[in-house]
Amino acid sequence: MDKIAGADNGETLPESIPSAPGTLPHFIEEPDDAYIIKSNPIALRCKARPAMQIFFKCNGEWVHQNEHVSEESLDESSGLKVREVFINVTRQQVEDFHGPEDYWCQCVAWSHLGTSKSRKASVRIAYLRKNFEQDPQGREVPIEGMIVLHCRPPEGVPAAEVEWLKNEEPIDSEQDENIDTRADHNLIIRQARLSDSGNYTCMAANIVAKRRSLSATVVVYVDGSWEVWSEWSVCSPECEHLRIRECTAPPPRNGGKFCEGLSQESENCTDGLCILDKKPLHEIKPQSIENASDIALYSGLGAAVVAVAVLVIGVTLYRRSQSDYGVDVIDSSALTGGFQTFNFKTVRQGNPLLLNSSMQPDLTVSRTYSGPICLQDPLDKELMTESSLFNPLSDIKVKVQSSFMVSLGVSERAEYHGKNHSGTFPHGNNRSFSTMHPRNKTPYIQNLSSLPTRTELRTTGVFGHLGGRLVMPNTGVSLLIPHGAIPEENSWEIYMSINQGEPSLQSDGSEVLLSPEVTCGPPDMTVTTPFALTIPHCADVSSEHWNIHLKKRTQQGKWEEVMSVEDESTSCYCLLDPFACHVLLDSFGTYALTGEPITDCAVKQLKVAVFGCMSCNSLDYNLRVYCVDNTPWAFQEVVSDERHQGGQLLEEPKLLHFKGNTFSLQISVLDIPPFLWRIKPFTACQEVPFSRVWCSNQQPLHCAFSLERYTPTTTQLSCKICIRQLKGHEQILQVQTSILESERETITFFAQEDSTFPAQTGPKAFKIPYSIRQRICATFDTPNAKGKDWQMLAQKNSINRNLSYFATQSSPSAVILNLWEARHQHDGDLDSLACALEEIGRTHTKLSNITESQLDEADFNYSRQNGL
């Protein structure tokens, strides 16, 4: 039985074993369906009697004997043997199974008479998605009307149970016959009452987590009706009597409609017999009333004329008082936050700020600039003159309107001679918004390059003849020094850095910066074998829409093109992957990738994320939405600044495909729970011009939104952030968080760390063992009549262009393997190389002993050494 039980190759065990008379095993306990929560394994149990052996069979294959734990006892009432067995099933086992049905296990028990099989128990990984498939929507319903709130909970395993809350209190439909919560998770109120008004939330929960839907506000309103008319009043001296009625049967409530019709009416109480000035009342013309109306009309017109005159005089005096600044604020009442429209016009005559003050008005040439302007405090209207907002501009006139764009018209030959202030205003596509601090007020939109930051991110390592790898964690930048690139008995301290300041590479024409500026050195170091530099980029790679170049900075500080990634070159090699470019070089220096869009379908990949933190005001909560080029380094800059400001990532970042079609970017806050939160006026939607996003030069751009709680008891915030390019791609960030730090769910900034050790030297830095590399190079560097040489090795590893570069190397295969090492740093296995060797190396006796198991073992050792 031990040999049969230990079989793990899936062969069939005998269904019966001839033996003495007895009974078939009967299962006292069978395995139950189970769910794996997070990374915790689950235990499956079986108990049967009489049973000589019990083994589990999962997905048609026998579980190894060593994985069983069994206990044996004796049933005192029957004298039969009782055996209990259990096994553990891990999350990894379930994830690795790919079959037409769920992962399953069953027990097979043996007795002297034969075998019995238990039921199949399925094992599934439990989860609960974050976003509801359908959130309840707010409603306004008349009293005694029906209310139906729909809720479709997030997808989950097992399916989520739904509970409804009203004003954060659970709803018990058992105690209120008017409420039904049993129909497909929906909430039904059969006859609405005034007390049913409130905020309703759908709660979904399973064994993994709990989720809250967006709150839906229900308002039950009452349309008012008239009471009966009162009795007629006594007859007045004017021969009229009145009667009234009130809109109180019932009165309108919660926005209900007011009663239609008149609340009073009058009529002659003498049937036309009452006489005034010897005429019946109905024939007398109301001249005195008409005269009174005329007097009121003319009095009002006169007052209006006087008010306008005073306003004109006041504005004129105010404009003259501001002449020192060269700025006229015609109307600043709209500066209450959000995006405003400013029309700036050159002062035409007698302006000392112009180089030629005699220039005629019709000879001026204007330029336009569109950009977002947001002021945080609606009371700070004086910022337009006191702050440094307009310092670098020539003499301008400002007209504030209610819009979301800014246009600047400036005389072409204007020169600024005004007062000096600390801040700057963007004047050109590559300039950045600066931070203003009048009375600690901050603009809603700013570029983080204006904040105090380090100018360089740097790492170093000492490398010798054995080579190694230099990694800058969480930036996507790495440097691979091949074995033998440095002569024996020599060692060099090699450094690598990223420019964190203003990019020194200024774009020409339509060219944009797609990567960070990476420096590796020392510059006077020479290598005998090309090293591999990996630089991340943010382009959606397509040769049809982009022309991507590798550039290098000279000692004089100028940038020169090294090559286009699609060109043939023998000096260097560029392998462009979806998120990074791997470059083979023989000289150190400063490098960067630029892109020239060929069509307006060229796409930059942006990473969008939302952070939140409490404001100094205990009722305020700040949301900051970032749009950064999709490179790990650019996002790390955001993370570093947010940690400094106490910000918390509220949702996993998402990718936005931003087209080069000149259309702007809109960022808006949606579905803010009413009666719980409010957003400051004019800031719910903000728009960023195309050039500010397209030419961001790896500098993060963000918009800030300030939300205010109605009461301190509100601790939960749920809303949606919509980021979309006009006539382009759109992403939704779902914010659902507690503003209390103790209750907030933490979202990790990076899913994968690059390496625990930035510098890895010697054999542990390479995934392919040196002995296997030697055999591969000896095999493929030798020309082969069947074409199974280094060219085939390159093609099987998706290196299909510019093969002439490898032909100039002393060992083409070694350079190809170095490029493979740089490209597959995070793959976690050697499958791609194993498949290539298996396909092209079957006829090579030198490769016959390089088995897949050897490569698997090498990969395991590499992962263990580097903590992956």
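Note that the structure is predicted; figures quoted are calculated from it, not measured.

As for the sheet that holds strand β6 (residues 69-74)
Then step 1. Taken together, the four strands give an open sheet; going across it, the order is β1-β3-β7-β6, and neighbouring strands pair in antiparallel fashion. The strands lining the two open edges of the sheet, one partner per strand, are β1 (26-29) and β6. For this sheet the average axis-to-axis angle between neighbouring strands, irrespective of direction, equals 25°.
Then step 2. When strand β3 (residues 42-49) meets strand β7 (residues 81-89), the two strands line up antiparallel, connected through seven bridges. Among the inter-strand pairings, C46 is bridged to a residue of β7, identified as V85.

A short note on the nonpolar core
Then step 1. Of all hydrophobic cores here, the largest spans 80 residues; its most connected members are L479, L533, L623, I721 and I723.
Then step 2. In terms of residue count, strand β45 (residues 620-629) provides more of this core than any other element does, six residues in total.
Then step 3. Formed by 28 residues, the second largest nonpolar core is a distinct cluster that contains F780, A794, I799 and L837.

Here's the deal with the environment of H702
Then step 1. Residue placement: H702 occurs in strand β51 (residues 701-709).
Then step 2. On the basis of relative accessible area, H702 is assigned to the buried category, the value being 4%.
Then step 3. Spatially, the C-alpha atoms of H702 and I667 are 9.7 Å apart, while their sequence positions differ by 35 residues.

Comments concerning the pairing of strand β15 (residues 161-166)
Then step 1. Taken together, the six bridges between β15 and strand β19 (residues 198-205) define a ladder with antiparallel strand orientation. Counterpart to W164 in the pairing with β19 is C202.
Then step 2. Two successive antiparallel strands, β15 and strand β16 (residues 169-170), enclose a turn made up of two residues, where N167 displays a positive phi of approximately 50°.

Let's talk about the state of the cysteines
One way to say it: the disulfide is the covalent bond shared by the sulfur atoms of two cysteines.
Then step 1. Evaluation of the coordinates by the stated rule reveals five disulfides.
Then step 2. Through a disulfide, C58 is tied to C105; the S-S separation comes to 2.0 Å. Sign of the S-S torsion, about 110° for the bond between C58 and C105, identifies this disulfide as right-handed. Linking C58 in strand β4 (residues 53-58) with C105 in strand β8 (residues 103-110), this pair joins segments that are 47 residues apart in sequence. By the burial criterion, C58 is buried, and C105 matches it.
Then step 3. The disulfide partner of C247 is C259, and the S-S distance across this bridge is 2.0 Å. Taking the sign of the S-S torsion, 80° for the link of C247 and C259, the bridge is right-handed. Placement of C247 in the loop between β22 (240-244) and β23 (264-268) and of C259 in the loop between β22 and β23 is noted, with a sequence separation of twelve residues between them.

Details of the sheet that holds strand β38 (residues 526-536)
Then step 1. Pairing within the open sheet is antiparallel, and its six strands lie in the order β41-β42-β38-β34-β33-β54. If you trace the sheet from one side to the other, it starts and ends with β41 (573-576) and β54 (759-761), each paired once. If you compare each strand with its neighbour and ignore which way they point, the axes differ by 15° on average.
Then step 2. Two elements, strand β34 (residues 477-481) and β38, share three bridges in a ladder whose sense is antiparallel. Residue pairing in the sheet places L480 in a bridge with A532 of β38.

Side note on helix α10 (residues 812-823)
Then step 1. Helix length check: α10 (twelve residues) gives 17 Å between terminal C-alpha atoms against 16 Å at 1.5 Å per residue, within 8%.
Then step 2. Buried within α10 we find P812, S813, A814, V815, I816, L817, N818, L819, W820, E821 and A822.

Things to note about the pattern of salt bridges
Then step 1. Enumeration over the complete set of coordinates arrives at 22 salt bridges.
Then step 2. Where R124 meets D102, a salt bridge forms, and the shortest distance between an N and an O atom there is 3.6 Å. Here R124, found in strand β10 (residues 121-125), pairs with D102, found in the loop between α2 (91-96) and β8; they are 22 residues apart in sequence, far enough to count as distant.
Then step 3. Ionic pairing is found between E133 and R152, a salt bridge with its closest N-O pair at 3.0 Å. One end of the pair, E133, is in the loop between β11 (127-128) and β12 (139-142); the other, R152, is in the loop between β13 (147-149) and β14 (156-157), and 19 residues separate them in sequence.
Then step 4. On the accessibility criterion, E133 (46% relative accessible area) is partly exposed.
Then step 5. According to the relative accessible area criterion, R152 is partly exposed, its value standing at 45%.
Then step 6. Because the salt bridges share partners, they merge into one network encompassing E72, K81 and R83.

Thoughts on the packing of aromatic side chains
Then step 1. Counted by the stated rule, this structure contains 16 aromatic pairs.
Then step 2. Seen from their ring centres, F531 and F588 are 4.4 Å apart, and the 5° between their planes marks the pair as stacked. Placement of F531 in strand β38 and of F588 in the loop between β42 (580-587) and β43 (589-597) is noted, with a sequence separation of 57 residues between them. The same class applies to F531 and to F588, which are both buried.
Then step 3. Judged by centre distance (5.9 Å) and plane angle (35°), the rings of Y573 and Y805 are tilted. On the criterion of sequence distance, the pair formed by Y573 in strand β41 and Y805 in helix α9 (residues 804-807) is long-range, its members being 232 residues apart. Just as Y573 is buried, Y805 falls in that class too.
Then step 4. Here a set of aromatic residues connected by ring pairs shows up, and it is made of W546, F658, F690 and W694.
Then step 5. If you follow R245 out to its NZ or CZ, it ends over the ring of W226, 4.3 Å from the centre.
Then step 6. Sitting above the plane of the Y573 ring, R801 keeps its charged end 5.5 Å from the centroid.

Calculation rules
Residues numbered from 1 in each chain as written. Predicted model: local features only at pLDDT ≥ 70, side-chain atom pairs only at ≥ 80, totals over all residues. Heavy atoms only, no water. Pairing = 2+ DSSP bridges. Helix = DSSP H or I, 4+ residues; strand = E, 2+ residues; numbered from the N terminus. Axes fitted to C-alpha atoms, helices over the stretch in contact; angles between N-to-C directions. Core = buried A, V, L, I, M, F, W, Y, C linked by side-chain atoms within 4.5 Å. Buried < 20%, exposed > 50% of the residue type's maximum accessible area, 1.4 Å probe, protein only. Disulfide = S-S within 2.5 Å. Expected span 1.5 Å × (residues − 1). Salt bridge = Lys/Arg side-chain N within 4 Å of Asp/Glu carboxyl O. Phe/Tyr/Trp six-rings, centres within 6.5 Å; stacked < 30°, edge-to-face > 60°. Lys NZ or Arg CZ within 6 Å of the ring centre and 35° of its normal.

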